[in-house]
Amino acid sequence: MKKIALFSLLILGCASMTVGQAAAQSLTGTVKDQNGDVVSGASVTLKQARGALTTTTDSVGAFRFDGLSAGAYTLRVVAKGFAIGEQNVQVAAAGNQELAVSLAIGESRVTISAEVGRSEEIRNVPQAVSIIGTEAILERATSVLAQAGEEEAGLNMQRTSPTIGAIVVRGLTGKNVVNFVDGVRFTHAGQRGGINTFFNLNEPTNLQAIEVLRGPNGAQYGSDSLSGTVNLITRSPVYGNREGEWHGDFSSGFGSSDHGFGGAGLVSYGTRKFGGYVSLAGRRIGDVRTADGLDSHSAITRFLGLPSTVLYDRSPDTGFQQYGGGVRLNYNPRSDQQLIFHYQRSNQDDGKRFDQMLGGDGNLIADLRNLMLDFGYLRYVKQGFGWFDSGSFTGSYNSQREERVNQGGQGNPFGDITHQYERTTTYGASFFLDKQLGRNNTLLIGGDFYAEKLNSPAYIFNPVANTVTLSRPRVPDEARFNSGGVYVQDQWDAIPERLRITGALRYSGMRYRVRAVDSPLVGGRPLWSDDELTTADWSGRIGAVVRASKEFRIAFNYGRGFRYPSSTDLGTLGLTGDGFEVDHITANALNGRIGTTAGVDAVSTGLNVQKQQSEFSNSYDVSLRYQHKRLDTELTIFNIDIVDAITKQALILPSGAVGTLIAGQAITNQLPSGVVFVAAATVPVLVRSNFTSARIWGVEYEAEAKLRSDLVFKGNFTYIHAADKDSGRPPNIEGGTPPPTGFLSLRYTRGGFWIEPYATLAARQDRLSSLDISDRRTGATRTRAQVENYFRRGACVAGLTFNAAGTCNANVTTYTLRPTGENITQVLTRVLGPGFPSRPLFTGLPGYGLANIRGGVTINERAGIFWAFENILDQFYRNPSWGIDGTGRSFAAQFRYKF
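Starting afresh in each chain, residues are numbered from 1 along the sequence in its written order. Local features in this predicted model are restricted to residues whose pLDDT is 70 or higher, and side-chain atom pairs enter the listing and the counts only when it is 80 or higher, whereas totals over whole chains, interfaces and linings include all residues. Derived side-chain values reflect all non-hydrogen atoms in the structure, with water molecules and hydrogen atoms excluded from consideration.

> Which residues make up the nonpolar core, and what are the values?
Residues Leu145, Ile210, Val230 and Leu232 are the most contacted members of the largest nonpolar core, which totals 36 residues. Residue assignment for this core shows that the elements contributing at least two residues are α2 (134-140), β11 (155-159), β12 (165-169), β13 (177-181), β15 (207-214), β16 (228-234), β23 (365-385) and β52 (848-858). Strands here mean DSSP runs of E at least two residues long; helices mean DSSP runs of H or I at least four residues long; both are numbered from the N terminus. The element that contributes the greatest number of residues to this core is β23, accounting for five residues. Note on contacts: a residue pair is in contact if any heavy atoms of the two residues lie within 4.5 Å. Sequence-distant contacts of Leu232, defined by excluding residues within four places in its chain, comprise Leu145, Phe180, Val181, Asp182, Phe199, Asn202, Leu207, Ala209 and Ile210. Only buried residues count toward a nonpolar core, which is a set of Ala, Val, Leu, Ile, Met, Phe, Trp, Tyr and Cys residues joined through side-chain atoms within 4.5 Å. The rule is simple: take the accessible area with a 1.4 Å probe, protein chains only, and divide by the maximum for that residue type; under 20% is buried, over 50% is exposed, in between is partly exposed. Ala299, Ile300, Val812 and Tyr815 belong to the second-largest nonpolar core, a separate cluster that totals 24 residues.

Written out as structure tokens, the structure is:
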């Protein structure tokens, strides 16, 4: 690891040296509409992954870029009232180049993430790629950013709470999908395994595009890319004339399903050498109304067998506030250099884990307090960097902060309240250098290094005794996690215009360290022990695109992804999204064994709990692509084999464990099998282990057809099947497997008006793992003890049960259920059946069909209105690991203004 760090710093140091400069070339052009009329005032951006130049077309639609070096670029043209135009440009080694750009109806799909340092059309990239453009992000992400992943082949949305969510790639999310912002790593080792707490703190209105690589891409992007990579591309500033130009935009909107409203604004200033902007955004989301006002996983339904509407029709405690802003500065000191500074800050306030409260476990407190993101980077780009054509060097800062406050016991008002503050701070450095070797080969080398430090003090407050006790945090305080790697990437046009071969290879390493001396002493003993792990791994990919005819291409890609254990895997001890977990050190101290499942039916495998090791994925893709002026379609078949997958299994302890303390939580119940429970969670205590190998295969199909110049059809379908290789059952990988899903739309455009009916269709999902079945977000298993606890605690606090004394948390037999007049025995019989066996609320998720319509109108060249009428039929829908049902019938509208 020290060698990796030193190598990265050495390369970064070279950035300040004066090196040879490539010959400067010019690129000029004219922008016209589909009728041949010139378009003035259009924003024209010439970009590579390492940076961008921006100008504006003049009164005759002309633009010009000077001081360019030879290489591949992407030209992007944005004009009010026109579709975004993008095309690849190859700047020659000598002379001026003239372009003619035509803006027409349709969407150009260009990626800069699949091949680091290059801009390529999707059809020429071996990997399967999804690109979500600016307009699509604004139309979909009306509440949180993760909504942008809907409507795409191979992608789904994960929604743990109204605030917490992420993009699901090929059925995997959380720890198995790595996230970047402008090529800078956003994911960190302290991230929770099945969710991404901070993904939604990225502001949708500040993004230019979202690029998703479907399939492992660990060769360039490192650990955690077992199923895919998500790269958020922020907006580039607009350059201006010599005197300087001001530009900006403003948007505001509201939604009826959650009574949400908010606005965002951006002001930019640019000259020939400088471009920058400042942006601000804020929104207030209210309590969500689900279909028919019913909450399917409500604690009232789960433990009492009653509809949630006996207490509420809008899900309480599902509202939150989000606000923040950003600064971007691009400066070109010379024609062959660029400096980029980007900083963003965002906050979420008043968020709660609804699935741990009335939406699932029935607890009284599950707060997500002061979620805060500080993210920034400084990038230096140089064209003609010695022997290389160009170089890019980046230093970054990423700080993600939260405080979780929980009270368990199914609504026990006298239970302990845990406070767990976490702040993970990451300092990063990355670089890449590229060189075109001849006309048909491009070589790129790169590397990165990230140093993480976790600050995580924790304590427990006892509301009865009014005392505070220091406790063991989820991941030990002062934990360190350093990671880095070097990689090489090559693109070879083996047969120009016919056969393109690309490949990449990476060597990565990590070191995790926790020290007991950093722990406070409680009872004369530290709260955690020394722990460390150092490991290194290879990853790579190779792919090819064969152009069989002018319109038809065949693509193949093999990728080896990897994921070394994170701080969360190695150090988690406490409450997480799936329940209460213990780390490997605590499990071994209690003589623990690994259970066969994650549920109450688990029995001992006889296997000791071991420190986790790296997990790997081998992925194979075959894609058939046909692109014509009226039809663009692609069919992809993929297979992902995950080896030594880190899964969550039930912890099995020797008999007599009741009363034993784990991270300040007493074991309250133990089954004859050895499965144990604590008051903080309704599911068995879990432990992470390299327990299984899994196979995930599926089919992705997408099509876009221009039926007429004003009528466009879009559709896609995704089918995913996941299975444990040994048992054939769904694997206990966090997040669950989404159901087969399809999307259809028909968009009509006429002048400044457009309208689009669209629908999302999903089949029933019966393939739930034992982790899904026990998870309150999906299967919602409940036991006799949990029903009894909620009957005398949470239900009593809510006024649903009562006793003569008018108190809560007394003997359960003294309470009566107010709506029905039943006692606890009658409720247990109705909810669990004779003998009161443990059972889930759901063993599958029903299929659904959502009918929607949206549209827009251009008021003038600067202003426009977008509107959407969603879930018109008020249909119930929910996917695995969602902590809240989908929203019911809703109307949303946005006003947008540019100057």
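Next, the rest of the story.
> Please set out the sheet that holds β16 residue by residue, giving values where relevant.
Here a strand pair is declared whenever DSSP counts at least two bridges between the two strands. Strand order in the open sheet formed by five strands is β10-β15-β16-β13-β14, with mixed pairing between adjacent strands. Taken across any chain shown, the strands that pair with only one partner, and hence form the sheet edges, are β10 (128-133) and β14 (184-185).

> How would you summarise the environment of Tyr343 if you had to cite specific residues and measurements?
Tracing the sequence through the fold places Tyr343 in strand β21 (residues 337-349). Discounting chain neighbours no more than four positions away, the residues touching Tyr343 are Gly325, Gly326, Val327, Asp374, Phe375 and Gly376. Two N or O atoms count as a polar contact when they lie within 3.5 Å, although within protein this holds only if one can serve as hydrogen donor and the other as acceptor, and sequence-adjacent residues are included solely when both atoms are side-chain atoms. Engagement of the side chain of Tyr343 in a polar contact is seen with the side chain of Asp374, the distance being 2.4 Å.

> Account for the side chain of Ser567, naming residues and giving values.
Checked against the element boundaries, Ser567 lands in helix α5 (residues 567-571). In this structure Ser567 touches Ala189, Gly190, Val475, Phe481, Tyr512 and Thr572, once residues within four positions along its chain are discounted.

> Give a description of the packing of aromatic side chains that names residues and reports values.
Two rings from Phe, Tyr or Trp (for Trp, the six-membered ring) form a pair when their centres are within 6.5 Å of each other. A pair whose planes differ by under 30 degrees is stacked, one over 60 is edge-to-face, and the rest are tilted. If you walk through the whole model with that rule in mind, you get 19 aromatic pairs. Their ring planes at 70° and their centres at 6.0 Å tell us that Tyr877 and Trp882 sit as a pair that is edge-to-face. In this pair, the class of Tyr877 matches that of Trp882, namely buried. A connected cluster of aromatic rings, assembled from ring pairs, spans Tyr380, Phe385 and Phe393. Note on criteria: charge over ring means Lys NZ or Arg CZ within 6 Å of the ring centre, with the direction from the centre no more than 35 degrees off the ring normal. A cation over an aromatic ring shows up here: Lys435 above the ring of Trp387, its NZ or CZ 5.3 Å from the ring centre.

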